[in-house]
Amino acid sequence: MIDVHVSNMKERRHDVHPLSMLIITFTYIFVVASFHTYAFIELVPLSVYPITMIVFYRLSIRHIKRVLLASLPFITVIGASQLFFIHEHVSFFHWRIEAGWLVFATLLVKNTLAVLAATVLFLTTPIEQLAGALLSLRIPRLLVIQLLLTHRYIFLLLEEAKRLRQAYMLRASQHRAIQLSVWGSLVGHLLLRTFERAERVYEAMTLRGFSIQRMHIKIERWTTKERIYTYVTVILFIVYRLVVI
């Protein structure tokens, strides 16, 4: 699905250099995470960056919403736990509210902004170009290739999970969802099937002459214009963080 989105982006807009996207995204996430737990209002202006990129690249709102909803339960549990441990009150505009609710809201905003930035990165930049960007940052080649293979394995895992679910629903049509009692065995079968398929894929790659040393990863040239764009954007994020304390 991500590869389809990326191919559509190429036909619509000029791609930003993958190294620029990588540096800007990591800087943005670092800046978002660095704000204190009561910085709800201060975080709101930072939403301009992901919203601008979503509009510029015309990204699928439906796909982004699915990613946000997938990350929501985890951050909700963490944020809700703050309501039991923080009992003090703080001023929020003209109201006095419990600090736990403000911390909860701030964590949700941080999670939303970070997930949006990461989603924009992966929807606009193919994994192969990200690998080239990592190599240009002197990241060990073995780690980069491991990232590429892990990316491919995730799609194998999802494909096998879909097949396993279809097989279960055909055999247990009276159930509307997978029963909790069979989750353990299904997960075990899923891992075994994906491991076996990954081994078959690797054997096929080896027979075609694949080796880590000879695997070609293209490193695109980073032009002066793209460097300036990256430096200016990163400086704006850092200046905003230093000014808003």
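Residues numbered from 1 in each chain as written. Predicted model: local features only at pLDDT ≥ 70, side-chain atom pairs only at ≥ 80, totals over all residues. Heavy atoms only, no water.

Labelled according to an unreviewed UniProt entry, the protein appears under the name Cobalt transport protein CbiQ, originating from Anoxybacillus thermarum. Per UniProt, the comment on the protein under Subcellular location (unreviewed entry) is "Cell membrane". (UniProt positions renumbered as here; feature names shortened; annotations may be inferred.)

### Looking at the overall build of the protein
Counting secondary structure elements, the protein contains 10 helices and 2 strands. Taken from N to C terminus, the helices and strands of the protein fall in the order α-α-α-α-α-β-β-α-α-α-α-α. Dimensions of the protein along its principal axes, counting C-alpha atoms only, are 65 × 60 × 35 Å. When each of the 245 residues of the protein is scored for burial, the buried share is 36%. Across the protein, the fraction of contacts at a sequence separation of at least 24, relative to all contacts at a separation of at least 6, is 78%. Entry remark: accessible area of the protein is about 16000 Å², with carbon and sulfur atoms responsible for 67%. (Helix = DSSP H or I, 4+ residues; strand = E, 2+ residues; numbered from the N terminus. Buried < 20%, exposed > 50% of the residue type's maximum accessible area, 1.4 Å probe, protein only. Contact = heavy atoms within 4.5 Å. Areas by Shrake-Rupley, 256 points an atom, 1.4 Å probe, with all protein chains shown as cover.)

### With respect to unusual backbone geometry
If you check the backbone angles, Arg-58 has positive phi at about 55° while not being a glycine. Mapping Arg-58 onto the fold places it in the loop between helix H4 (48-57) and helix H5 (61-85). Although it is not a glycine, Arg-138 adopts a positive phi angle of roughly 70°. Summarising the element assignment, Arg-138 is placed in the loop between helix H7 (127-136) and helix H8 (141-171). Arg-138 gets classed as exposed once you look at its relative accessible area, which sits at 71%.

### As for the UniProt feature "transmembrane region" (unreviewed entry) in the protein
The sites that UniProt annotates as "transmembrane region" (unreviewed entry) are residues 19-37, 43-60, 67-87, 99-123 and 228-244. Taken as a whole, residues 43-60 contains 61% helix and 0% strand, while its terminal C-alpha atoms sit 24 Å from one another. Helix makes up 90% of residues 67-87 and strand makes up 0%, while its end C-alpha atoms are separated by 32 Å.

### Looking at a nonpolar patch on the surface
A surface patch of nonpolar side chains, amounting to about 520 Å² of accessible area, comprises Leu-180, Trp-183, Val-187, Leu-191 and Phe-195. With respect to the helices and strands, Phe-195 occurs in helix H9 (residues 183-207). Judged by its relative accessible area of 45%, Phe-195 falls in the partly exposed class. (Patch = residues over 30% accessible without salt bridge, like charges linked within 9 Å, V, L, I, M, F, W, Y side chains within 5 Å. Salt bridge = Lys/Arg side-chain N within 4 Å of Asp/Glu carboxyl O.)

### Quick look at the packing of aromatic side chains
Scanning all chains against the criterion turns up 8 aromatic pairs. Judged by centre distance (6.2 Å) and plane angle (50°), the rings of Phe-35 and Tyr-240 are tilted. Here Phe-35 is found in the loop between helix H2 (18-34) and helix H3 (40-43), whereas its partner Tyr-240 is found in helix H10 (residues 224-243), with 205 residues between them in sequence. In this structure Phe-35 comes out as buried when scored by relative accessible area, which is 4%. Aromatic pair Trp-222 and Tyr-231: ring centres 6.1 Å apart, planes at 75°, arrangement edge-to-face. Residue classification places Trp-222 among the buried residues on the basis of a relative accessible area of 16%. Taken together, Tyr-28, Tyr-49 and Phe-237 form an aromatic cluster joined through their ring pairs. (Phe/Tyr/Trp six-rings, centres within 6.5 Å; stacked < 30°, edge-to-face > 60°.)

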